[in-house]
Amino acid sequence: MKTHEYYINRCIELARNGLGTTYPNPLVGSVIVHDGKIIGEGWHQKAGQAHAEVNAVNAVKDKTLLSQATIYVSLEPCSHFGKTPPCCDLIIHQNIPNVVIGTVDPFAKVAGNGIRKLTEAGKNVTVGILEEACDELNKRFFTFHQKKRPYIILKWAESQDGFIAPLQKDEQKPVWISNTYSRQLVHKWRSEEQAILVGTQTVIDDNPQLNTRDWSGNNPIRVVLDRTGRIPAKAAVKDGSVKTFIFTEVENPENTPAVFFENCIFDSSLPFSIVSALHQNEIQSILIEGGRQTLQLFIDAGLWDEARVFKGAIMLNEGIKAPVLKGIVTKRQQILNDELLIFRQHD
């Protein structure tokens, strides 16, 4: 006999298929079980499209079984009208008697209302199965709604002796510390996050595209810091191919399609101003790849949730020191001769 945990874990597996495509909605997976057998499953694939519960119900061939079934869902079913009707109403209408929920939705329009609506309709509702794993699945969505800022991921590569770049780059721009497979993984990460941020010097030195050219997926929104307007008009980040926000202290007369200027003061409040503006623009997650100064800015402000650090095989002997970070290593992974370390903030 398979347990509630087994089926909620399957919901989580399904939900992960939507990573990078459901913004601003959460990741949700759902399975429908009758007599110990999965008869339907689905996940939310894209904002504006059917929710996980709808896709799971639609996958059931014999709808008469629904009146004796249990529907499992990783996140509390919605109870409000958005771009699609409430999933609670669907469950009630289909006469599904049992509902098992991984975790409660923190979104103000749901936040327990879905559970209450189902209970009042006479459904047998169970809540809090693999709750920690379900919360982790939607760490971006939860951070956005609970902390009023994006989920912040820091990323850099450092040499064996702790440098992120040589003092002089000479002919090669950029100087690669990590290997090809690690760099491809970074492009996968870019496809999963809603935005990517770099500082002025990174743009001037490397002229990065900040896209997912080495992976199939959406390009992230670009966020660039340019205090005094030093980034040239021909820079790749100003090519208009991707929505781009440029934070600056100067009034910028440029009229470039898809490039938006945000004025703010570049003092100790800068990282807070940035995440506040990103929240207002409904950006739920951001990957910060910029140089040491930019990374350290967010570290010192305590504005980060996760850091992904590649330790390359090369020695630089001198150069720009890697950021100083205090966190808990939650994962180590070997990628050929690179070691990937995943850090989390102390609780």
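Rules and cut-offs
Counting restarts for each chain: residues are numbered from 1 in the order of the written sequence. In view of the model being predicted, local features appear only for residues whose pLDDT reaches at least 70, and side-chain atom pairs are presented and counted only at 80 or more, with totals across whole chains, interfaces and linings using the full set of residues. To obtain the side-chain values, all non-hydrogen atoms of the structure were used and water was disregarded. UniProt positions are given in the numbering used here, feature names are shortened, and annotations may be inferred rather than shown by experiment. Note on exposure labels: buried denotes an accessible area under 20% of the residue type's maximum, exposed denotes more than 50%, and partly exposed covers the range between, all computed with a 1.4 Å probe on protein chains only. Working definition: helices are DSSP H or I runs of at least four residues, strands are E runs of at least two. Numbering for both runs from the N terminus. Pairing between strands requires that DSSP locate at least two bridges from one strand to the other. Each reported salt bridge corresponds to a side-chain nitrogen of Lys or Arg within 4 Å of a carboxyl oxygen of Asp or Glu. Stacked, tilted and edge-to-face pairs are distinguished by plane angle, under 30 degrees for stacked and over 60 for edge-to-face with tilted covering the rest, among Phe, Tyr and Trp rings (Trp via its six-membered ring) whose centres lie within 6.5 Å. What counts as an axis is a line fitted to C-alpha atoms, over the stretch in contact for a helix, and the angles between N-to-C directions run from 0 to 180 degrees. Two residues form a contact once any of their heavy atoms are found within 4.5 Å. Here a helix's expected span is defined as the number of its residues, less one, multiplied by 1.5 Å. In this context, the arc is that of the directions from the helix axis out to the C-beta atoms.

Naming follows an unreviewed UniProt entry, where the chain appears as Riboflavin biosynthesis protein RibD of Flavobacterium cerinum. A UniProt comment under Function (unreviewed entry) is attached to the chain, and it reads "Converts 2,5-diamino-6-(ribosylamino)-4(3h)-pyrimidinone 5'-phosphate into 5-amino-6-(ribosylamino)-2,4(1h,3h)-pyrimidinedione 5'-phosphate."

A. Up close: the pairing of strand 12 (residues 285-288). Neither face of strand 12 is exposed, since S285 and L287 on one face and I286 and I288 on the opposite face are all buried. One ladder, built from three bridges, connects strand 8 (residues 195-198) with strand 12; its direction is parallel. Following the sheet pairing, L197 is matched in strand 12 by I288.

B. Here's a closer look at the pattern of salt bridges. Applying the stated criterion across every chain yields a total of 18 salt bridges. A salt bridge links K139 to E136; the shortest N-O distance between them is 3.2 Å. A relative accessible area of 35% places E136 in the partly exposed class. For the salt bridge of D305 with R149, the shortest nitrogen-to-oxygen distance reads 2.8 Å. Highlighted residues: D305 in the loop between helix 10 (292-300) and strand 13 (306-311) and R149 in the loop between helix 6 (139-147) and strand 6 (151-158), separated in sequence by 156 residues. Under the relative-accessibility criterion, D305 is labelled buried at 9%. Given the relative accessible area of 8%, R149 is considered buried. Where salt bridges share partners, they join E136, K139, E306, R308 and R344 into one cluster.

C. Looking closely at the packing of aromatic side chains. One pass over the structure, following the stated rule, counts five aromatic pairs. With centroids separated by 6.3 Å and ring planes inclined at 55°, the aromatic side chains of F141 and F142 adopt a geometry described as tilted. Accessibility classification places F141 together with F142 in one group, the buried group. Between F245 and F260, the ring centres sit 5.8 Å apart and the planes meet at 35°, which makes this aromatic pair tilted. Of this pair, F245 sits in strand 10 (residues 244-248) while F260 sits in strand 11 (residues 259-263); the two residues are 15 residues apart in sequence, bridging distant segments of the chain.

D. A look at the sheet that holds strand 2 (residues 37-43). Taken in spatial order, the five strands of this open sheet run 2-1-3-4-5, and their pairing is mixed. The open sheet has two free edges, formed respectively by strand 2 and strand 5 (124-127), since each of these has just one partner strand. If you compare each strand with its neighbour and ignore which way they point, the axes differ by 15° on average. Here strand 1 (residues 29-34) runs beside strand 3 (residues 70-75); their pairing, made up of four bridges, is antiparallel. Its bridge partner being in strand 3, V33 is matched across the sheet by T70. Lying over the sheet, helix 1 (residues 4-15) contacts strand 1, strand 2, strand 3, strand 4 (98-103) and strand 5, oriented at roughly 140° with respect to strand 1.

E. Representation of the sheet that holds strand 13 in the model. Taken together, the nine strands give an open sheet; going across it, the order is 11-10-9-8-12-6-13-16-15, and neighbouring strands pair in mixed fashion. Every other strand in the sheet has two partners, leaving strand 11 and strand 15 (328-335) as the edge strands with one partner each. In this sheet, adjacent strand axes meet at a mean angle of 20° when their direction is disregarded. Pairing geometry for strand 8 and strand 9 (residues 221-225), over four bridges, is parallel. In the sheet register, V198 faces strand 9, and the bridge partner there is V224. Its contacts with the sheet put helix 9 (residues 270-280) on strand 6, strand 8, strand 9, strand 10, strand 11 and strand 12, and the angle it makes with strand 10 is roughly 150°. Sheet strands in contact with helix 10 are strand 6, strand 8, strand 9 and strand 12, and its direction is about 135° off that of strand 6.

F. Geometry of the environment of S159. Note on placement: S159 falls in the loop between strand 6 and strand 7 (163-165). The residues contacting S159, other than those within four sequence positions of it, are I177, K311, G312, I314 and L316.

G. Layout of the pairing of strand 3. When you tally the buried positions in strand 3, you get six out of six residues, the bulk of the element. Pairing of strand 3 with strand 4 involves five bridges; the strand directions are parallel. In the strand pairing of strand 4, Y72 is matched with V100.

H. Region of interest: helix 1. Its 12 residues give helix 1 an end-to-end C-alpha distance of 17 Å, which sits within 8% of 16 Å, the value for a rise of 1.5 Å per residue. All of the buried residues along helix 1 are Y7, I8, C11, I12, L14 and A15. Down the axis of helix 1, the sector holding all buried residues measures 165°, keeping them to one side. On its buried face, helix 1 sits against strand 1, strand 2, strand 3, strand 4 and helix 5 (131-137).

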